[in-house]
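Descriptive structure summary
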Amino acid sequence: MAFVKLGSKSEAFRREGQAWHCTSGLPSDVTIEIGEMSFYLHKFPLISRSGLLAKLIKESCNDDGSVCVLQLSDVPGGAKTFELVAKFCYGVKIELTPLNIVSLRCASEYLQMTDEYGDGNLIAQTEAFLNDVFGNWTDTIKALETCEEVLPHAEELHIVSRCINSLAMKACTDTKLFNWPVSENGHEGPTGAGVWNGICTGSKTQPVTDDWWYEDVSFLSFPLYKRLTQAVEAGGMRPENVAGALVFYTKKYIPLMNRQESFKDATNHSKSGSTISTPSEADQRALLEEIMELLPNQRGVTETRFLLRLLRTAMMLQASPSCRENLERRVGLQLDEAALDDLLIPNMGYSVETLYDIDCFQRILDHFISIEHASSAPSPCNMEESQSMEGSHSLTSLTRVANLVDSYLSEVAPDVNFKFPKFQSLAATIPDFARPLSDGIYRAIDIYLKAHPWLTDSEREQICRLMNCQKLSLEACTHAAQNERLPLRVIVQVLFFEQLRLRTSISGWFFVSDNLDGSQSTILHGGNRDASRANGRGSSIDDMRERVAELEKECNSMRQEFKKVVKTKKKWNVFCGRKSECDLNPVKPLKLQPPPVNEHKNHKNGDSS
């Protein structure tokens, strides 16, 4: 910490209770009262340095030689600062430091201690030391913190803005270019390095990260911190660094942000005690709302996890509706980067209907979908290539959100208070093309049907329309075909599409078999030199024949399972009485015979040898 010594005389004051006496031996002829403290001084040293004191003493003194009494309750810094001013007037040794320089500078201006009342007066001395303070990061922070004590005077003299501009300039400067010791928190540049003539002679350096200044400035009060944040943002700092500093400050002064609460803790957070004194909920709420206004709006700058924790805290602190709406919009902007655990926000309303705040998630999802629709709107100025790239990225993020929604629905589906319209609305928000597979939504539907057995047949039909039976995997189809909770029509559709998939697969095997047979015949025309290759083709045909036989067995097994389901439902007579969309006629077994190898047969594929 920098310091400057002024004066040369030894101590000439002594304190007795609430009074300061000069020990020069001369009787005091002026008394200055500041609050409860009284200073018994002499006129000449004061009027030779202070224009204000010279004026007041001249106006207050009488010709009878009585002691002049002055009231200076408005002096910046109070009695503590005036003690240093009095010592300066008497030429007693004092020390200027970053902790007292601001109050001394304001007091010297208030007392009009200009060079008109003596060369090297206090205004000039303090101003020169202030310029030295602004050149050092740590000293500037200490000086800025003390501005709180004399804020109106410091603002009038532009000391606050000068401190903030100095800090902002250093924070925005690339430390790799200058390699200066910017902080006292372990990031002082070279390790064990000596400085000679302003040049660093050390060889080893500690890496300085972009967050080196976060902790140093976090000790500022929020009004000053807010101004510093705005200054570094105006100075060209990357939005990621601005957001990082705000995240650090938020976690430090909003304790509820740091609590990994379960739902029980969240609903009873006010009952839990702590040995560490924390700000009141009103102060935390006001700070949270202020920080929300400072966070950069760009997508991906602030972590989605932090935004969701901030949203949860805002609900706990009952922040303003505009603040919560702003947070929901920001989360919706980057919902594809969210994690399921962070989205499970406990319901903290007075009328707790569901365990989790499903309405909040619906609003977040609506924000995301509206942004996706706006970004995918066609523009005549875009090139075709850029459109395809943007569309691919949009589909990828939409698919991530679709998986997130399906997982969310699976988590909240067991809640018996989860109403059918809400489930339907939430699931239908995601378009069908965004789900490559329907396994996730099928799992959520199955859990919901199990937890809500009182649903009507019509509601079961409606909820099952949310999934695409053609996109179910083999495991999901097998489970759905035996699921008694599903409507009969859905089971029929699952079996139909599975048979259709089976037939398509068999047709593909036939096509490959024909090609291989043609290749085999052509190879035989080529002579004995390709006989071994022909034998390989023949073994491949045998493998395909075995595979087709296995597929036929699976098809017959599925048909038997379907008959069991129909008998269990006791609706076979109704089912047979009306013509269904699905072809339920048993699939005739497909008998595959390898075509005879005929050397004189004409093939469409030509000679493949």
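Residues numbered from 1 in each chain as written. Predicted model: local features only at pLDDT ≥ 70, side-chain atom pairs only at ≥ 80, totals over all residues. Heavy atoms only, no water.

Some points on the overall build of the protein
Operational definition: Counting from the N terminus, the helices are the DSSP runs of H or I reaching at least four residues and the strands are the DSSP runs of E reaching at least two. Each residue is placed in one exposure class: buried if its accessible area under a 1.4 Å probe, protein chains only, is under 20% of its type's maximum, exposed if it is over 50%, and partly exposed if it falls in between. All accessibility values rest on the Shrake-Rupley procedure with a 1.4 Å probe; residue burial counts only the protein chains present in the view.
On a plain count of helices and strands, the protein comes out with 26 helices and nine strands. Among the 609 residues that make up the protein, the fraction classed as buried is 43%. Within the structure as shown, the protein displays about 33,100 Å² of accessible surface, and the carbon and sulfur contribution to it stands at 51%.

As for the pairing of strand S6 (residues 68-71)
For clarity, the cut-off: Should DSSP find at least two bridges between two strands, the strands are taken to pair.
Of the two faces of S6, the one lined by Cys68 and Leu70 is fully buried and the one lined by Val69 and Gln71 carries no buried residue. Pairing between strand S4 (residues 30-34) and S6: four bridges, direction parallel. Considered in S6, the bridge of Thr31 is made with Val69.

Overview of helix H22 (residues 457-464)
Put simply, the rule reads: Note: the arc covers the axis-to-C-beta directions of the helix.
Inspection of H22 places Arg460, Ile463 and Cys464 among the buried residues, and these make up the whole buried set. Seen along its axis, H22 keeps its buried residues to an arc of 95 degrees; they face one direction.

Quick look at the environment of Phe3
The criterion, for reference: Residue contacts are defined here by distance: any two heavy atoms, one from each residue, within 4.5 Å place the two residues in contact.
Positionally, Phe3 belongs in the segment before strand S1 (4-6). Leaving out residues up to four positions away in the same chain, Phe3 has contacts with Glu95, Leu96, Thr97 and Phe129.

Remarks on the side chain of Thr97
Mapped onto the elements of the fold, Thr97 is located in the loop between strand S7 (94-96) and helix H4 (101-110). Among residues more than four places away in sequence, those in contact with Thr97 are Met1, Ala2, Phe3 and Phe129.

Topic: the packing of aromatic side chains
So the rule is basically this: A pair of Phe, Tyr and Trp rings is counted when the ring centres sit within 6.5 Å of each other, with Trp represented by its six-membered ring. The angle between the planes then sorts it: under 30 degrees is stacked, over 60 is edge-to-face, the rest tilted. Whether a charge sits over a ring depends on NZ of Lys or CZ of Arg being within 6 Å of the ring centre and within 35 degrees of the ring normal.
Summed over the entire model, instances satisfying the criterion amount to ten aromatic pairs. Ring pairs connect the aromatic residues Phe222, Tyr225, Tyr249 and Tyr253, which therefore count as one cluster. Between Lys252 and the ring centre of Phe219, over which it is positioned, the NZ or CZ distance is 3.5 Å.

What to know about the state of the cysteines
The condition is simple: Any pair of cysteine sulfurs within 2.5 Å is marked as a disulfide.
Under the criterion given, the structure shown has zero disulfides. In this model Cys106 remains outside any disulfide bridge; the closest cysteine sulfur is found in Cys147, 7.1 Å from its own.

Some words on the confidence of the model for the protein
The line we're drawing: Each residue carries a pLDDT score, the predictor's confidence in it, ranging from 0 to 100.
Taken as a whole, the protein shows an average pLDDT of 78; of its residues, 70% reach a score of 70 or greater. Across the protein, the secondary-structure element scoring lowest on mean pLDDT is helix H26 (residues 572-577), at 41, and the one scoring highest is H4, at 96. Overall, residues 183-203 carries pLDDT values under 50, and its contacts beyond four positions in sequence, including any with other chains, amount to 32 contacts. pLDDT under 50 marks residues 379-391. Its contacts with residues more than four places away, or in other chains, come to three contacts.

Focus: the pattern of salt bridges
Here is the rule we go by: We define a salt bridge as a side-chain nitrogen of Lys or Arg found within 4 Å of a carboxyl oxygen belonging to Asp or Glu.
Overall, the coordinates contain 16 salt bridges when judged by the stated rule. Its salt-bridge partner being Arg238, residue Asp210 comes within 3.7 Å of it at the nearest N-O pair. In this pair, Asp210 sits in the loop between strand S9 (199-200) and helix H10 (214-217) while Arg238 sits in the loop between helix H11 (222-234) and helix H12 (239-253), placing the two residues 28 residues apart along the sequence. A residue is classified by how much of its surface remains accessible, and Asp210, at 47% relative accessible area, is partly exposed.

Examining the nonpolar core
Applied cut-off: Definition of nonpolar core: a set of buried residues of the types Ala, Val, Leu, Ile, Met, Phe, Trp, Tyr and Cys, connected through side-chain atoms within 4.5 Å.
Core analysis: the largest hydrophobic core is formed by 147 residues, its most contacted members being Ile32, Leu41, Phe82 and Trp213. Excluding its chain neighbours within four sequence positions, the residues that come into contact with Trp213 are Trp137, Ala171, Val232, Met237, Asn241 and Ala245.

Concerning the sheet that holds strand S5 (residues 37-41)
The condition is simple: Angles shown run from 0 to 180 degrees and are taken between the N-to-C directions of axes, each axis being a line fitted to C-alpha atoms and, for helices, limited to the stretch in contact.
The strand order across the open sheet formed by five strands is S2-S3-S5-S4-S6, and the pairing between neighbours is mixed. Every other strand in the sheet has two partners, leaving strand S2 (13-16) and S6 as the edge strands with one partner each. Neighbour to neighbour, the strand axes of the sheet diverge by 20 degrees on average, direction disregarded. Where strand S3 (residues 19-22) meets S5, three bridges bridge the pair, whose relative direction is parallel.

Here we look at helix H6 (residues 137-146)
The cut-off we apply is this: Think of a polar contact as two N or O atoms within 3.5 Å of one another; within protein, one of them needs to be a possible hydrogen donor and the other a possible acceptor, and neighboring residues in sequence only count if both atoms come from side chains.
Here H6 lies mainly inside the structure; eight of its ten residues are buried. Within H6 the residues assigned to the buried category are Trp137, Thr138, Asp139, Thr140, Ile141, Ala143, Leu144 and Thr146. On the buried face of H6, the contacting elements are H4, helix H5 (122-134), helix H8 (159-172), H10 and H11. N-cap assignment for H6: the residue whose side-chain oxygen lies 3.1 Å from the backbone N of Thr138 is Asn136.

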